[in-house]
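Next come the chains, spelled out residue by residue.
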Amino acid sequence: MSGPPSVPWFNELADFLGPAYLRNAFTKGTDQEVEFLVDALDLAPGASVLDAGCGPGRHAIALAALGFDVTGVDLSTEFLELARGAAGDLPVTFVESDVRNLTYSAAFDAVICLCQGGFGLLGGGDDEHGVVTRLASALRPGGRLALSAFSAWFALRHLEPGE
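Residues numbered from 1 in each chain as written. Predicted model: local features only at pLDDT ≥ 70, side-chain atom pairs only at ≥ 80, totals over all residues. Heavy atoms only, no water.

Student: Looking at this structure, how should I read the pairing of strand S4 (residues 108-113)?
Tutor: Among the six residues that make up S4, five are buried, leaving the element largely enclosed by the rest of the structure. Note that strand S1 (residues 48-52) and S4 share three bridges and pair parallel. Following the sheet pairing, Asp51 is matched in S4 by Ile112. Where S4 lies against strand S5 (residues 139-147), five bridges are found, and the strand directions are parallel. For Phe108, the partnering residue across the bridge sits in S5 and is Leu139. (Buried < 20%, exposed > 50% of the residue type's maximum accessible area, 1.4 Å probe, protein only. Helix = DSSP H or I, 4+ residues; strand = E, 2+ residues; numbered from the N terminus. Pairing = 2+ DSSP bridges.)

Right under this line is the structure:
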C-alpha cells in the first residue's frame, strides 16, 4: 500500500462543506441510528466505542451523551473542530488521524465506521483489507464492529482511472 495522499480529497471536501455537511438529509437520523447501534452491538453502559472516520462527530457525540466512553478519529481538521465544538462538556475524545494507519490494540468494546467514514471513502490503491484488520484489532476480545460502505453500484459508477 502506498502512503496516504498528503492532502486527501475528502479533506478538501470537508473544508468546503464545513457546518453545511450537518444540514444534509442523511444526518437527520442520528438518534435512531445510535439507538440501533446500541442494540445491535449490545453495548453495556459505560462501554468504550471507537468512531473511525467520525467526521463532525454526530454518532460519537450522541453515544457520549448516552454515557459511553467514545473516541472519534478523523483526518479532517475542519470536521474535528466542528465535533469538539458540538460536544461541549461531553466526555468524548477526538483524535486527528487517518483510519488507514490506526494502531489501537484491544482498546474498545465496539468500533463503528459508518456512512462516508474511513472505510467508505477508500479507493485507488488503498488497502481495504488492512483497514478492516486495523478496525478489528482495535476491538477487545468479544467486541463488535459496525461497518458500512458505498454500494457496489456506486463503486462501479465512480471507478477511478486505472481500476
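Further notes follow.
Student: Sorry, what's going on with unusual backbone geometry here?
Tutor: Backbone geometry follows two general trends: most residues other than glycine have a negative phi, and most peptide bonds adopt the trans configuration. You will see that Asp42, though not glycine, has its phi angle at about 50°, which is positive. With respect to the helices and strands, Asp42 occurs in the loop between helix H2 (30-40) and S1. A positive phi angle, near 50°, is found at Ala106, a position not held by glycine. With respect to the helices and strands, the residue Ala106 is situated in the loop between strand S3 (92-96) and S4.

Student: Explain the environment of Thr30 to me, please; I cannot follow it from the model alone.
Tutor: Structurally, Thr30 is set in helix H2. A relative accessible area of 10% places Thr30 in the buried class. Once the C-alpha coordinates of Thr30 and Ala62 are considered, the two residues, 32 residues apart in sequence, prove to be 7.5 Å apart. With near-sequence residues (within four places) excluded, Thr30 lies in contact with Arg58, His59 and Ala62. Side-chain polar atoms of Thr30 contact the side chain of Arg58, separated by 2.7 Å. (Contact = heavy atoms within 4.5 Å. Polar contact = N/O pair within 3.5 Å; in protein donor to acceptor, adjacent residues only side chain to side chain.)

Student: I tried to follow helix H4 (residues 77-87) on my own but got confused; where do I start?
Tutor: Listing the buried residues of H4 in full gives Phe79, Leu80, Ala83 and Ala87. What you see down the axis of H4 is that its buried residues fit within an arc of 100°, all on one side. Gly88 sits one or two positions beyond H4 and adopts a positive phi of about 55°. (Arc of directions from axis to C-beta.)

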